[in-house]
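Each chain, written out:
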Amino acid sequence: MLALTPSEEIMRIGALCGVELPPEAESFALFRAPEEGVNHLYVYGADVRGLVYALTELADRVRFTSPASDALVFAVPMVETPTAKVRSISKCFQSEIEDLPWFHDREGWEEYLTLLATHRFNRISLTFGKQYNYPYGNEFVSDVYFHLAYPFLVTAAGHDVEISNLTEEERSRNLDTLKFIGREADRRGLEFQLALWTQSYDFDNCPNARHRITGLGPENIARYCRDSLAMILAEVPQISGLTLRVHVESGIAEGDYDFWRTYFSAVKAAGRTVRLDLHAKGIDETLIDIALATGMPVGVSPKYTSEHLGLPYHQASIRALELPVHGGTPADQAVGRDMTTLYAGHDAETHAGKWKFSEGTRKFLRYSYGDLLREDRRYAVIFRIWPGTIRVLLWGDAALAGGYGHNATFCGAQGVELCEPLSFKGRMGTGRAGSRTGYQDKHLTTRFDWQKFEYTYRVWGRSLFNPEADPEAFQRYLKSKFGEAAESCGTALAAASRILPLITLAHTPTASNNSYWPEMYENMSIVHEAPRLPYGYELTAPARFGTVGSCDPRLFMSPSEFASCLHDGRRVRRYGPLTWANWLDRHASTAGTEIARAMGAARDPGSELRLVAVDVTILAAIGRFFAEKVRAAVFWEYYLLSGDGRSAGQAIDHYRKARDAWAEAARICADIYVPDITFGPHSWLRGRWDDRLPAIEKDLSDMEAIVAEGRQTRPGTGPLAGLHIERILKWSACQLLPGRHTPPPAFVRGEALDISFRPFGASRRAVTLHYRHVDQSQSWCSVEMAWRAQEYRASIPAEYTRIPYPIMYYFEIDHHNISAFYPGVAEDLSGTPYFVVEARKG
């Protein structure tokens, strides 16, 4: 029986079987019930999209289950309701050479959109205008196809705008393809979002652009964009939402409200609901009000964790660099000014005023949610996961993805948009013909580039829909591909997938994806001052590997900070670098062991399993490299403080191990991947793992020479001189401590919030409650907890609870002069290291 919406008949049958059919949007159920001696299969969807999910679930089971008859057993009813309201994929157009073929590939779109619907994504965001970082000073710009999308799609009446090297037939074909994508997305129950990240750039200052746009300037750009948008909305009625970059990198100065009033009038006149999704960077209340005045649903979309994929929790803090320029230290303010100069190039003075908010009073929104999550907000919030961390290699960990699913609705947010794998491939004019996956052998490439990442889409989509997704959905796919090797293969890939997100969060030389690509890491020296690019411009002197902190400095400390604590005998009150280095080692070891087991279990390892093994091996090598390099940096920083020769020796030993780990990645990639995998024109955005090795070896050689010359060595001083080196390396085990705590269900505004906690397995010790409004522009508060009635107790003051924000908090426990934390990030790194409590409604 097939049922759309809870009909009386299916409700009756469900009740007889103990199945409660959920009425919430997008929910579905699959269950069997006997009737007249026949065990019937019942298929229920709360709405059309829920029914789509039920039917595609059946199809997926039949396709990947052997024997196929087992696919429809359902010994236990399957009943699911979405956690996140929005589960979006951003598909980015970056390169005429690489992306125009898939843009016009209709068969590819049909299969791709079916994949998204099957795995419970409910929105596809086709993204134009992200090819370049900044709209001013564009002498190096070459590939501008769809960068300003309008003239590639429509000819706006009344505007004398021309574009070179584009025929009317090609423009018409582009629009026809956009219409096709909209129709096919709609057929599968997917919302079709059009993302237009650029509204203007220096059209007259792009001598190398293949397509030159003329006829546009400050006097007509707003009206042209409005009229072009109106035409596109009329031609493609399936467009149900727009994503817009609203800060200066869109080409529109921050605070230019007249542009947006003019532009939004096209949305207001569309004759249907068109959601407005405004990128958070550079936004302010006035612009939000202008968007709300259209009468359309308005959302604001901050970056989830910088321009990268970090751990699933939302940062407990932001860097001092992201604080407004009127706050922070003079050094932080200088770095902020340097950032403006970096992006604006030689025209920094001319364009400085255009950064009014993103480098000024609302700088805290550059890389995270800032102050957006107040409880009385009138807009939706959707988090966007940027593609800076992992771009080429496979990814698939249900635990981490489930953590993202839990946090997708953080403080009432609607969900997540994920920039898909390969998102920035060929960016900034670096496109290359052929497969985008980077494989040398064309026989290794899939027909469609996204097919390499089918498991990635499966894990993300299903885990965002249901963070506790049935593992069978992942296992059946792996078993169909890898047979007896499936379980080990899945375990290996899951462990390997935790490595880069942890590195990204804990070690952040820059939050920008344009400079930091930890997957194909450009080595930063442990011993020398870093040059301005790719990392030095966001760091205060001395800028070297050991002084690099975290994008969550509240919870993670740098190697130099850790070494200073050891040297001075101070308590380590954040996660130390040796702690997360050990985490990296654990996951890298699991990945290596399990992928070897998978290869041994496979009777005849096919190319697919071998390619998984290559990517897992590279990821595991990266994990070991960073673990050992972080250890080397801790000892080197201690050596700089103390002159202790033993520390210098340990630094060298660990750096050699790091070098050997990276050499493994360099060795295995050479026969599989092309020498130049391009995500940008700079050396740190292109290349292959083996071309990073010489810089690592050079830095190690310089370290060895400095020690051999004895430049820093003197008799050891400080506490480390009297401690066994290996004991230092094992200190991390005590930074995760179990405990008992029941968060209050809500708090009452204007009343004190009482908090209690009891750590397990330890005697009484100092416990600190740390708390803050869920507003990253604010500072954390702390209070020592008192032992009463067999537990630790403290109160958050009544005055603090008056502000219209939820409150977040965590516990710090003194454990032998190094702090442990509760609730912590969890062994599998999927946990949220704080609690959040909201105000009581009504």
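See the structure printed just above.
A. Quick peek at the environment of Tyr638. Relative to the helices and strands, Tyr638 resides in helix α19 (residues 607-642). In sequence terms Tyr638 and Arg123 are 515 residues apart; their C-alpha atoms lie 50 Å from each other.

B. How the structure looks around the packing of helix α14 (residues 472-482) against helix α15 (residues 486-497). Running from amino to carboxyl end, α14 crosses α15 at an angle of 120 degrees, the nearest separation of the two axes being 8 Å. Taken together, α14 and α15 sit at an angle that is classed as oblique. When you trace α14 past α15, the crossing you get is right-handed. Mapping the contact onto sequence places Leu478, Lys479 and Phe482 in α14 and Ala486, Cys489 and Gly490 in α15. Along the lines of polarity and charge, the residues of the contact of α14 with α15 split into 4 nonpolar, 1 polar and 1 charged.

C. Local environment of the pairing of strand β19 (residues 767-773). Taken across its 7 residues, β19 has 7 buried, putting it largely inside the fold. Burial along β19 is two-sided: the residues Val767, Leu769, Tyr771 and His773 and Thr768, His770 and Arg772 are all buried. With 7 bridges joining them, β19 and strand β23 (residues 807-815) adopt antiparallel strand pairing. In the strand pairing of β23, His770 is matched with Tyr810. Bridge count for β19 against strand β20 (residues 781-784) is 4 bridges, and the pairing is antiparallel.

D. Main features of the sheet that holds strand β22 (residues 791-796). The strand order β17-β18-β22-β21 describes an open sheet built from 4 strands, whose pairing is antiparallel. In this open sheet, the two strands that pair with only one neighbour each are β17 (739-740) and β21 (786-788). Relative to strand β18 (residues 753-759), β17 runs antiparallel, the two sharing 2 bridges. By the bridge assignment, Gly739 is partnered in β18 with Pro759.

E. The pairing of strand β13 (residues 380-385), seen in detail. In terms of residue burial, β13 counts as a mostly covered element, since 6 of its 6 residues are buried. With 2 bridges joining them, strand β12 (residues 298-301) and β13 adopt parallel strand pairing. The residue bridging Gly299 from the neighbouring strand is Ala380, located in β13. A crossover connection joins β13 to the parallel strand β14 (residues 415-419) through helix α12 (residues 398-407); in handedness this β-α-β unit is right-handed.

How each quantity is defined
- Residues numbered from 1 in each chain as written.
- Predicted model: local features only at pLDDT ≥ 70, side-chain atom pairs only at ≥ 80, totals over all residues.
- Heavy atoms only, no water.
- Helix = DSSP H or I, 4+ residues; strand = E, 2+ residues; numbered from the N terminus.
- Axes fitted to C-alpha atoms, helices over the stretch in contact; angles between N-to-C directions.
- Parallel < 35°, antiparallel > 145°, perpendicular 65-115°, else oblique.
- Left-handed = near helix turned anticlockwise from the far one by under 90°.
- Contact = heavy atoms within 4.5 Å.
- Nonpolar A, V, L, I, M, F, W, Y, C, P; charged D, E, K, R; others polar.
- Buried < 20%, exposed > 50% of the residue type's maximum accessible area, 1.4 Å probe, protein only.
- Pairing = 2+ DSSP bridges.
- Right-handed = clockwise from strand over helix to strand, strands pointing away.

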